[in-house]
Amino acid sequence: MTLANQVVGRSIDRVDGPVKVTGAATYTMDVTAEGLLHAALVRSTFAVGTITSIDTAEASAAPGVVAVFTHENAPRMKKPSWSLVTPPPPVPFQDASVHHFGQYVAMVVADTPERATEAAALVRVDHEVAGATLSLDAPGVKGRSNPYFLDAKRGNVESGLAAADVTIDATFNTAANVHNPIGLFSTVAHWDGGRLIVHDATQNPFLVRDSLAKVFSIPQDRVQVLAPYVGGSFGAGLRLWQHVILTAMAARIVGRPVKTVLTRPQMFTGLGYRPATIQRIRIGARRDGTLTAIDHEVTSPAAKVANVLYPVTLGTPAAYRCDNVRGRDRQVRLDIPSPAHMRGPGEAEGNFALETAVDEIAHAIGMDPVELRMRNYAEVHPQTGLAWSSKALAECYRQGAERFGWAGRTPEPRSMRDGEWLVGYGMAGVSYGHFQAKCQASLTVHGDGTVLVRSGATDIGQGTYTVITQVAAEGMGLDLAKVRFELGDTDLPRAPQAGGSGLANALSNAVHDATVNAVKALLALAGEDHASPLHGCSRSDVVVDDGHLHHKDDASRGESYVAILARGGRSELTVSGSSAPSRAVNGALIGSAAVSRLGRPGRKLVEATRAVTPAGGFAAHFVEVRVDPHLGRLRVRRVVSAVDAGRVLNPKLARSQIIGGVIGGIGQTLLEEMTTDSGSGRVSNATFGDYLIPVNADIPDLDVVFVGGPDADNTVGVKGVGEIGLAGMAAAIGNAVHHATGKRLRSLPITIADLMD
Ligand code: MOS
């Protein structure tokens, strides 16, 4: 079978664009229902302690209030299932203890959001506060080494360092960052008979469904989760959060639909965030540029009452050919809201330290940073010796450098100027492990020749609606206008999270499989009839084109889908498609049953990862900065990102993904820092006025080039683009700042004070 009309790989505009710009797309916040009530949440104002009494009388008597819930009247609920990658939050309102600032302590349900909010302010909470441990470097904090069993080692780091001509030993700090999607997270829940229907902002509807079924002790098929549109997420929606449980609980008790919309400050404490890290790198090289040792040690936090899998050094052993490498993670339990995964989790922080240290080595031995990276290029996966599924990082370096004009860089720091501005060129590379999770889809060919494809995935803005429509249209030989793709509903076939840069891979392969099955089924249907021009044709004899199947050597010998269905007396034909976890490294991490329960998940994980194909996306970012040494002003002037993402389904949308990531990286490097009051644990900058993110004026021309070709590890040939735009940016900018100023900055975000001469 060959495919006649090529739509995959074209820069199609978003198919969901019109409904979004006209306001017709229904985000959870837009969902309404008859009898809808509105909830407002009350949060703790301290980090650790006990609620001694909670007085809801005044709130309960306020106008419009239907119910007030606290730990005193909430039902006992079951813990959702444990999973290593998306561990559940503690079930809310089960006792009087408070474990972090911002923990929900009461929920007010009223007839309008305003009345709920007003009444929430009337809930009186008396408490006893205990001492809290809030920061990684607090005296006496204890850490657990190798908390995920993912620490990796090869060779001997100490002898590698001893054999080096040049060594660097440096400490790096990265700040906590908050996802802050524009769309406030919201949940609407109602119970219809014994069935729970939940509209939610989530990246993983099936996780929410399965978890809620567990919490309320009902079968999974009695819960439906809907998320057709999500207003951004960046990892915030990878887990089940407490407000979702509370909304469903409230709806069940009051017997009416309930909507909760988090406030912006609640978005800082209720949905996880990128944790701060402290990192130490020891790295050595010979004069010829050969890296002799890399030792990467990281401390990052978890909440005391919620797990988080957060290996920051995971990418380090895969980055370079170096013989002696050690990655060591350490996790500290703090009295903080749970950190979670945020775009490029772990890699965005770990890469900053590693790629800065590599730049320091290049500078110390007087070698060009690109040349040093090529000198240590990992042609095979260096930790296992296995071939990569595909890797065009060298091409990223080459094409990125060329487009950027890297050859015009004069190596000496402070050697390039533009008037008063110091000019710096910097770069960094990134290797981003990707995985493919299990995914299912269905495909229906209607009697009128149109096609409906369905899978319960989510499109959080990355373009899934569009690229999957393209894959289906190409597989069926149809115009895009004849194909519709529905997602965001757990009554549809099961799909994995939109996360880990892995959905396009899993879903496009499942939908491709469905198109193959649909053509087979149509051919079989045609073949049943001796009068059909396709009678006797096998699959390899035919092509799909413009809603027809015809013989590849004789276009006149064929039939349209419409005619095939009519002849077969069928009003429609439905097939399913699926994709299985590929052998890619991180597939084990997400897909394996080994990680679905506490126990020895990590060890099994490590065993599983030994037998698989190393796969991932790669990128090189090249950055020009300008620094005003008198005022400490720093501007990113241009960025060139060269990206190996395998087969690019839609260059326009893939570019959007990368530039979104690059902007996130600029934010991480120059602006973003969640700050915490050292006494109360209060997040002290939980608004968009105080927590800085890049605005248009901070963003220069961003140039993206895709290199490489289809990946060998999956049929469609895609790799992820969600996170490699962000990871790598911090080091690239920091290295450019060093080139501009001679200052080596190892702490994020870079501040004006860091840059003043
Ligand atoms: Mo991403 S942190 O997997 O949404």
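The structure this text deals with has already been given above.
Residues numbered from 1 in each chain as written. Predicted model: local features only at pLDDT ≥ 70, side-chain atom pairs only at ≥ 80, totals over all residues. Heavy atoms only, no water.

Q: What is the right way to read the overall build of the protein from this model?
A: For the protein, the count of helices and strands is 19 helices and 29 strands. Taken over the C-alpha trace, the protein has a radius of gyration of 27 Å; the compact-globule value for 757 residues is 27 Å, and the two agree within 12%. Put simply, the protein shows about 27600 Å² of open surface, and 50% of that area lies on carbon and sulfur atoms. (Helix = DSSP H or I, 4+ residues; strand = E, 2+ residues; numbered from the N terminus. Rg over C-alpha atoms; globule rule 2.2 N^0.38 Å. Areas by Shrake-Rupley, 256 points an atom, 1.4 Å probe, with all protein chains shown as cover.)

Q: Whenever I open this one, the pairing of strand E2 (residues 37-43) confuses me. Can you help?
A: When a strand is regular, its side chains alternate between the sheet's two faces. With 6 of 7 residues buried, E2 is to be regarded as a mostly interior element. Pairing of E2 with strand E14 (residues 258-261), which is carried by 3 bridges, proceeds in the parallel orientation. Following the sheet pairing, Ala-39 is matched in E14 by Thr-260. By the bridge criterion, 6 bridges tie E2 to strand E6 (residues 104-110) in an arrangement that is antiparallel. What sits directly across from Ala-40, in E6, is Val-108. (Buried < 20%, exposed > 50% of the residue type's maximum accessible area, 1.4 Å probe, protein only. Pairing = 2+ DSSP bridges.)

Q: Would you take a moment to explain the environment of Leu-573 for this structure?
A: In this structure, Leu-573 sits in strand E26 (residues 572-579). Contacts of Leu-573, omitting those with residues within four sequence positions, involve Leu-443, Thr-444, Val-445, Ala-521, Leu-522, Leu-525 and Leu-565. (Contact = heavy atoms within 4.5 Å.)

Q: For this particular structure, what's the right way to read the pattern of salt bridges?
A: Think of it this way: side chains of opposite charge can pair up when their charged atoms draw near. Enumeration according to the criterion identifies 34 salt bridges in this entry. Taking the shortest distance from any N to any O, the salt bridge between Arg-398 and Glu-395 comes out at 2.8 Å. With Arg-398 and Glu-395 both in helix H11 (residues 393-404) and 3 residues apart, the pair spans about one turn of that helix. With its nearest N and O atoms 3.4 Å apart, the salt bridge here joins Glu-402 to Arg-398. With Glu-402 and Arg-398 both in helix H11, this residue pair falls 4 residues apart, about one helical turn. The exposed category is assigned to Glu-402, whose relative accessible area is 59%. On the basis of relative accessibility, which here comes to 44%, the residue Arg-398 falls in the partly exposed class. Several salt bridges converge on common partners, so that one network encompasses Glu-158, Arg-282, Asp-295, Glu-297, Arg-326 and Arg-328. (Salt bridge = Lys/Arg side-chain N within 4 Å of Asp/Glu carboxyl O.)

Q: Is there a simple way to think about the packing of aromatic side chains in this case?
A: Any aromatic ring pair is given by two values, namely how distant the centres are and how the planes are angled relative to each other. Enumeration according to the criterion identifies 13 aromatic pairs in this entry. One aromatic cluster in this structure is built from Tyr-27, Tyr-229, Tyr-465 and Phe-485. One cation-aromatic arrangement involves Lys-391 over Tyr-377; the distance from NZ or CZ to the ring centre is 4.5 Å. A cation over a ring is seen here: Arg-638 above Phe-404, with NZ or CZ 4.0 Å from the ring centre. (Phe/Tyr/Trp six-rings, centres within 6.5 Å; stacked < 30°, edge-to-face > 60°. Lys NZ or Arg CZ within 6 Å of the ring centre and 35° of its normal.)

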